[in-house]
Each structure stands twice: as C-alpha cells, then as structure tokens.
Amino acid sequence: MSKNRKVIITCAPTGAIHTPSMSPYLPVTADEIAKAAIDAAQAGAAILHLHARDPVDGKPSQDPALFVPFLEKIKASTDAVINITTGGSPHMTVEDRMRPVMQFKPEVASLNMGSMNFGLFPMLDRYKDLKHDWERQHLENSRDLVFKNTYKDIETILRRGTDNGTRFEFECYDISHLYNLAHFMDRGLVSGPFFVQSVFGILGGIGAHPEDLMHMRRTADRLFGDQYQWSILGAGKNQIPLASMGAAMGSHVRVGLEDSLWMGPGQLAQSSADQVRRIRTVLEALNLEIATPAEARQLLNLKGGNQVAF
C-alpha cells in the first residue's frame, strides 16, 4: 500500500457568528479561548483559527489587546500553527479587521474572498432568550448586511499580510470566490500552495449539498491544478458530514465552535476538542493520518512559529 495521506485539522474555537446565549460552552474570555485552543491542539488540531471577544459581554472584537493573553498562553503550550482572522465580524470595517494580523504577523491569516450577503437572522427563530442587547442586533442587522470584501479590500490585505510573511487561509463561500482567487493568482499577488477553505451552509453562500461540495472541488481543480491544498468547513449540522465527505475526496478539514455548536442532533458540543476528536475518529477510520503542526507548515509553505510577533 502507498503511504497514508496527511490531513490537516484546523480548529476554530469561538469566532464571531454565534453569541454567548446560544451555548454555555462557547469560549468568551482569554482564559477560556486559550484553554479551548490548547485542548483542541492536544486532541489533534494542527492549526488554530482565532478570534477574540469582549470578556464582559462576549461581543466579537478585533482589539489586539484582547488577543495578547490567549496568544501568549497558546504559544507557550503548543507548537500548533496560529491562524488569526481578518474576517473579524461582517459588521466591522476592513481596517479594524486587519489590526491583529498587522500587529502579530502570524504564520496564517484568514481572508474572505468576496463580498456577500451573510444572513444570520434566521437564528432569531431558534434563540428567543438572548442575554445581551448586542446579540439580537448582531443577528437582526444581518438581514440588511453585505459582508464587504471588495477587490481593493482583498488586495490590501494580501499585500500587507504578504509583506509580513503571512500566508492565507482563503475562505471561499461560493464558486465566484474561487474565480476571485484565480484573478489574484493571474496578477501574481498570490502563489501556491493555496490553502482553500471551502465554506458550506451559510445563508448567502453556497449550500451544503454533496453536489455543492463536488462542484467546489471540480472548479478548484480546474483553476488551480496541483497548486492548492483543499479544506472543508461545514456550518452547523453540516460540520462532520461534509468534512467526512471532503476528506474521502482528498481534503483537509476544519471544525470548532465557531462553525458549529453541535455534536449531534440536539446535543451541544461541550468543547471544540470534542469535535476534533470526532473528526479524527472519522479520518483514522478512512486510514488517513493526522498532520502534525510541522507537517502542516511543510504542506502550506509557512514561515515558522519563530517568525511571528507574539
């Protein structure tokens, strides 16, 4: 038999979509985010995708000062690759969203590859008892919200991040986002290996049907050939099923409470590490090997954890 393929598990412990009232297990404080990330790394995540929140009310924040405590703890406890968001929240300006990446110069930063409607308002039908005023506004305002990622925005993030040696997790919520990435490839602003994170199941983006996943794969293959590493992010109940399908087709995977609060039907996940362990079980059943942080760095051509500014 040939050697088993290495699969990168990315874990996103908190994010900016879900609100604290939706789950008692959603990390909010720096200590909670650090513990969630470290536990996920110990469970097998090679990459940790990180957001920050206001520790008082859990509102998403791109204030670099809120990142410092958990970045320091995570770096001291694990050699996992740190991936800092430039997505922040759809309600933020691009300049605000870029602040942590510009200060900390991580190995990887996320980059949303196109403007889109980003509909979170259906969650209001499920979550009636919200503790903080901002939570209801956060969800309701998405009814009339375009998540702005223009060509100028993307180029700005690309140029500034590349100058710092940061490479990108290209978050592609639809087929057009793959073509946007190809546009920047043709202009010489990005070079392989591309880390393409296909995102399924967000209202406003591509759906979560297996045919949607296959369409993403076919299009990426046609545009990028062997110059990309593919990863799957399924939102909500789609997390484990789509990651499993993607892995069987050759992808890496992403899990975590940013993307799904659930472990199974009606069962809240008590930690992102539990989701890492669940997808790891699937991957190992498929005779796939879990990539270490060092192997992830090699696959994605990263600069190394000693070249960051935290």
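Structure shown above.
Residues numbered from 1 in each chain as written. Predicted model: local features only at pLDDT ≥ 70, side-chain atom pairs only at ≥ 80, totals over all residues. Heavy atoms only, no water.

Enquirer: Which residues make up the packing of aromatic side chains, and what are the values?
Expert: One pass over the structure, following the stated rule, counts ten aromatic pairs. Taken together, a centroid distance of 6.2 Å and an interplanar angle of 45° make the contact between Y151 and F184 tilted. A residue pair is termed long-range when its members are at least 10 positions apart, and Y151 in helix α5 (residues 151–163) and F184 in helix α6 (residues 175–186) qualify at 33 residues. Geometrically, the ring pair formed by F170 and F194 is edge-to-face, given 6.3 Å between the ring centres and 75° between the ring planes. (Phe/Tyr/Trp six-rings, centres within 6.5 Å; stacked < 30°, edge-to-face > 60°. Helix = DSSP H or I, 4+ residues; strand = E, 2+ residues; numbered from the N terminus.)

Enquirer: Describe in detail unusual backbone geometry, supporting the description with residues and values.
Expert: In this model, G192 is joined to P193 through a cis peptide bond whose omega is 0°. Mapped onto the elements of the fold, P193 is located in the loop between α6 and β11 (194–200). With phi around 50°, K105 is a residue other than glycine that occupies positive phi space. The topology assignment puts K105 in the loop between α3 (94–104) and β7 (108–112). A residue is classified by how much of its surface remains accessible, and K105, at 30% relative accessible area, is partly exposed. Non-glycine residue N301 carries a positive phi angle of around 55°. Structurally, N301 can be placed in the segment after α10 (293–300). Residue N301 is classed as partly exposed on the basis of its relative accessible area, which comes to 47%. (Buried < 20%, exposed > 50% of the residue type's maximum accessible area, 1.4 Å probe, protein only.)

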